[in-house]
Amino acid sequence: ADFMGGEDKLVEYLDDFFEKDLYYVGDEFSMHAPYIYNSLGAPWRTQKVVRDMLAKYFFNDVGGLPGNDDCGQVSSWYVFGAMGFYPALPGQPVYQLCSPVLDKVEMNVGAGKVFTVVANNNSKDNAYIQSATLNGKPDNKSGLHHDDVVQGGELVFEMGANPNKKWGLEK
């Protein structure tokens, strides 16, 4: 952000980058790009961009998987995005949250534990996170720590049609 002239300038750049369809989801070098908005105080933009890309570039037909799926990397990008979180920064044990496509996902995380992601009121039109709870407690962060996943539990999103520009801003 400093290199680009500040966070606002980087948000403008990213908006232009995605609006002009310059982003290519079919290769590894830029898969983290939509999630940068989360760290710039604009998580609703991550939610919109990821949801739009999942709908536009991934479908159940010939050509429904963009690019080269090097050992499942592109497929994994889709699966993580559809569940509502993504490991955007390798080596950092925090997943970046986005707008889940799936209404409910249960993951066996080992030792008999299950981590569940629920998206209430989820639909094509309700693509924005209004609020979230992690294990029944309000959660206003656009990131999810790996420890919270492997301990098992439940992340619940309340979805809506309009961006909640106050959600996901807590560090």
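Details of the structure are given in the entry above.
Only a predicted model underlies this, so the values are computations on that prediction, with no experimental measurement involved. (Residues numbered from 1 in each chain as written. Predicted model: local features only at pLDDT ≥ 70, side-chain atom pairs only at ≥ 80, totals over all residues. Heavy atoms only, no water.)

**A look at the nonpolar core**
Ranked by internal contacts, the top residues of the largest apolar core, which has 26 residues, are Phe18, Tyr23, Tyr35, Tyr37, Met53, Phe58 and Trp77. Where this core is concerned, the elements lending two or more residues are helix H1 (7–19), helix H3 (43–57) and helix H4 (73–83). In terms of residue count, H3 provides more of this core than any other element does, 6 residues in total. Of all hydrophobic cores here, the second largest spans 18 residues; its members include Met83, Val105, Ala119 and Ala132. (Core = buried A, V, L, I, M, F, W, Y, C linked by side-chain atoms within 4.5 Å. Buried < 20%, exposed > 50% of the residue type's maximum accessible area, 1.4 Å probe, protein only. Helix = DSSP H or I, 4+ residues; strand = E, 2+ residues; numbered from the N terminus.)

**Comments concerning a negative patch on the surface**
A grouping of Asp2, Glu7, Asp8 and Glu12 is seen on the molecular surface, where their side chains present a negatively charged patch. Following the sequence through the fold, Glu12 ends up in helix H1. (Patch = residues over 30% accessible without salt bridge, like charges linked within 9 Å, V, L, I, M, F, W, Y side chains within 5 Å. Areas by Shrake-Rupley, 256 points an atom, 1.4 Å probe, with all protein chains shown as cover. Salt bridge = Lys/Arg side-chain N within 4 Å of Asp/Glu carboxyl O. Lys, Arg positive; Asp, Glu negative; His and termini not counted. Charge placed at Lys NZ, Arg CZ, Asp CG, Glu CD.)

**Considerations on the sheet that holds strand E7 (residues 143–145)**
If you walk across this open sheet you meet the 3 strands as E1-E2-E7, and the pairing is antiparallel. Only two strands of the sheet have a single partner each, and these edge strands are strand E1 (85–86) and E7. Here E1 runs beside strand E2 (residues 94–97); their pairing, made up of 2 bridges, is antiparallel. Bridging across to E2, Tyr86 finds its partner in Gln96. (Pairing = 2+ DSSP bridges.)

**With respect to H1**
The first and last C-alpha atoms of H1 sit 18 Å apart over 13 residues, in line with the 18 Å expected at 1.5 Å per residue. Buried residues of H1: Leu10, Val11, Leu14, Asp15, Phe17 and Phe18, and no others. Viewed end-on, H1 has its buried residues packed into an arc of 165°, placing them on one side of the element. Structural note: H1 exposes Asp8 and Glu19 on the side pointing more than 90 degrees away from its buried face. In the core, the buried residues of H1 are packed alongside helix H2 (36–39) and H3. Where H1 terminates, the next one or two residues include Asp21, which has phi positive at roughly 60°. (Expected span 1.5 Å × (residues − 1). Arc of directions from axis to C-beta. Contact = heavy atoms within 4.5 Å.)

**Description of a nonpolar patch on the surface**
Side chains of Phe3, Met4 and Tyr13 sit close together on the surface and give an oily, nonpolar patch of about 380 Å² of accessible area. With respect to the helices, strands and loops of the structure, Phe3 is situated in the segment before H1.

**Concerning unusual backbone geometry**
The backbone phi angle of Asp21 is positive, close to 60°, even though this residue is not glycine. Mapping Asp21 onto the fold places it in the loop between H1 and H2. Given the relative accessible area of 40%, Asp21 is considered partly exposed. Its identity is not glycine, yet Asn135 carries a phi of approximately 55°, on the positive side.

**Notes on the sheet that holds strand E8 (residues 153–160)**
Overall, mixed pairing links the 5 strands, which are arranged E3-E4-E8-E5-E6 in an open sheet. Here the strands that pair on one side only, and so sit at the sheet edges, are strand E3 (104–110) and strand E6 (137–138). Judged from the 6 bridges that link them, E3 and strand E4 (residues 113–120) form a sheet pairing that is antiparallel. Across the sheet, the residue bridging to Gly110 is Lys113, located in E4.

**Considerations on the pattern of salt bridges**
Charged atoms that come close allow side chains of opposite charge to pair. According to the stated counting rule, one finds 6 salt bridges in the structure shown. In this structure, Arg45 and Asp15 form a salt bridge, with 3.1 Å as the shortest nitrogen-oxygen distance. Separated by 30 residues along the polypeptide, Arg45 in helix H3 and Asp15 in helix H1 bring together distant segments of the chain.

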